[in-house]
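Descriptive structure summary
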Amino acid sequence: MVRQAGRVMWLALLLAACAGELGAPGEALRFLAADLPDALVNEPYRAPVHAVGGLRPYEFRLEQGTLPPGLELSGGVLQGTPTTLGTFRFTLAVSDADLSSTFQEFTLSVVEPPPPALTFTPPQTEVRGEVTLRARLSAARGLQGLSTLITWDAGAFALVEGSLRPSLPDVALFSEAGPGRLQVDLAVLGTTLTGDAELFRFALTPLAPPAALRLTSATEFASRRGGELVRETGGLTEGAAAVAPRPGAAGEAP
């Protein structure tokens, strides 16, 4: 009798383990969370909806409201490519193997993709020699080209001749330089860029070291999205290096 009872208990534990429940034994069926990440318009989206408790398997369905156009609920996953901007509220239902059901209201925002950015990150301290600046692209989506004007103090730094070079093999650079300025036009050849990448680099040298470098840039991006050419503008002012007082400076005792 003791041996039989042990076998029954062992079988019950095995079945519970195989069920793979996240909730505690006997927990009521419920959604795990109501938060959904934002979706980007015209970009693929996938967000699972989780439930716990009850008895698996679960069945999810749209109970009320409307999903963003382009999205569907399939096997507990919201997926697709949203085509319309806006905030959408809807109610999902989940049922388990015991035919228990529960409901949860969700909110999903479809937003514009963040604009691309071009940064250079100059040194945060004074420099005494040549410094290389790297143009780093972030949050690109189908980038085909860009045009950027980079400026600095012409009395403090000068462009190192011949230092402008592309960092990627499949790009073409066109440039025009003058005192305290560098205009760079870049074209991506045969493809587009998505994500983050270093695009080009150049070097500046201080005219009277040590000197603090401050860069200002204004950039226009051209990207291919959904078969259309999209132009976006962005401006960025890089922080200047902190300058420590030097003995003999104006207003100080030598």
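Quick note: structure is the one above.
Parameters and conventions
Residues numbered from 1 in each chain as written. Predicted model: local features only at pLDDT ≥ 70, side-chain atom pairs only at ≥ 80, totals over all residues. Heavy atoms only, no water. Pairing = 2+ DSSP bridges. Helix = DSSP H or I, 4+ residues; strand = E, 2+ residues; numbered from the N terminus. Axes fitted to C-alpha atoms, helices over the stretch in contact; angles between N-to-C directions. Core = buried A, V, L, I, M, F, W, Y, C linked by side-chain atoms within 4.5 Å. Buried < 20%, exposed > 50% of the residue type's maximum accessible area, 1.4 Å probe, protein only. Contact = heavy atoms within 4.5 Å. Salt bridge = Lys/Arg side-chain N within 4 Å of Asp/Glu carboxyl O.

**Examining the sheet that holds strand 3 (residues 45–48)**
Overall, antiparallel pairing links the three strands, which are arranged 3-7-6 in an open sheet. Every interior strand has two partners, whereas the edge strands, strand 3 and strand 6 (71–74), have only one. In this sheet, adjacent strand axes meet at a mean angle of 20 degrees when their direction is disregarded. Here strand 3 pairs with strand 7 (residues 77–80) via four bridges, running antiparallel.

**Regarding the nonpolar core**
Nonpolar side chains in soluble globular proteins generally cluster together in the buried interior. Core analysis: the biggest nonpolar cluster contains 28 residues, and Ile 150, Phe 200 and Leu 204 have the highest contact counts within it. Tallying contributions element by element places strand 11 (residues 131–151) first for this core, with eight residues. If sequence neighbours within four positions are ignored, Ile 150 has contacts with Phe 120, Gly 180, Arg 181, Leu 182, Val 184, Phe 200, Phe 202, Leu 215, Thr 216 and Ser 217. The next biggest cluster of nonpolar side chains, apart from the first, holds 21 residues, and it includes Phe 31, Tyr 58, Val 94 and Leu 108.

**Description of unusual backbone geometry**
The amide bond that connects Arg 56 to the next residue, Pro 57, takes the cis arrangement and shows omega of 5 degrees. Note on placement: Pro 57 falls in the loop between strand 4 (51–52) and strand 5 (59–65). A cis amide bond, omega -5 degrees, links Pro 209 with the succeeding residue Pro 210. You can see Pro 210 is positioned in the loop between strand 16 (193–206) and strand 17 (216–225). Non-glycine residue Asn 42 carries a positive phi angle of around 65 degrees.

**Here we look at the environment of Gly 226**
By the element assignment, Gly 226 lies in the loop between strand 17 and strand 18 (228–237). For the pair Gly 226 and Gly 142, spaced 84 residues apart in sequence, the C-alpha to C-alpha distance is 9.4 Å.

**So, the pattern of salt bridges**
Per the counting criterion, the structure on display carries six salt bridges. Where Arg 134 meets Glu 198, a salt bridge forms, and the shortest distance between an N and an O atom there is 3.5 Å. One end of the pair, Arg 134, is in strand 11; the other, Glu 198, is in strand 16, with 64 residues separating them in the sequence. Between Glu 232 and Arg 225 there is a salt bridge, and its shortest N-O distance comes to 3.0 Å. Connected via shared salt-bridge partners are Arg 134, Glu 198 and Arg 201.

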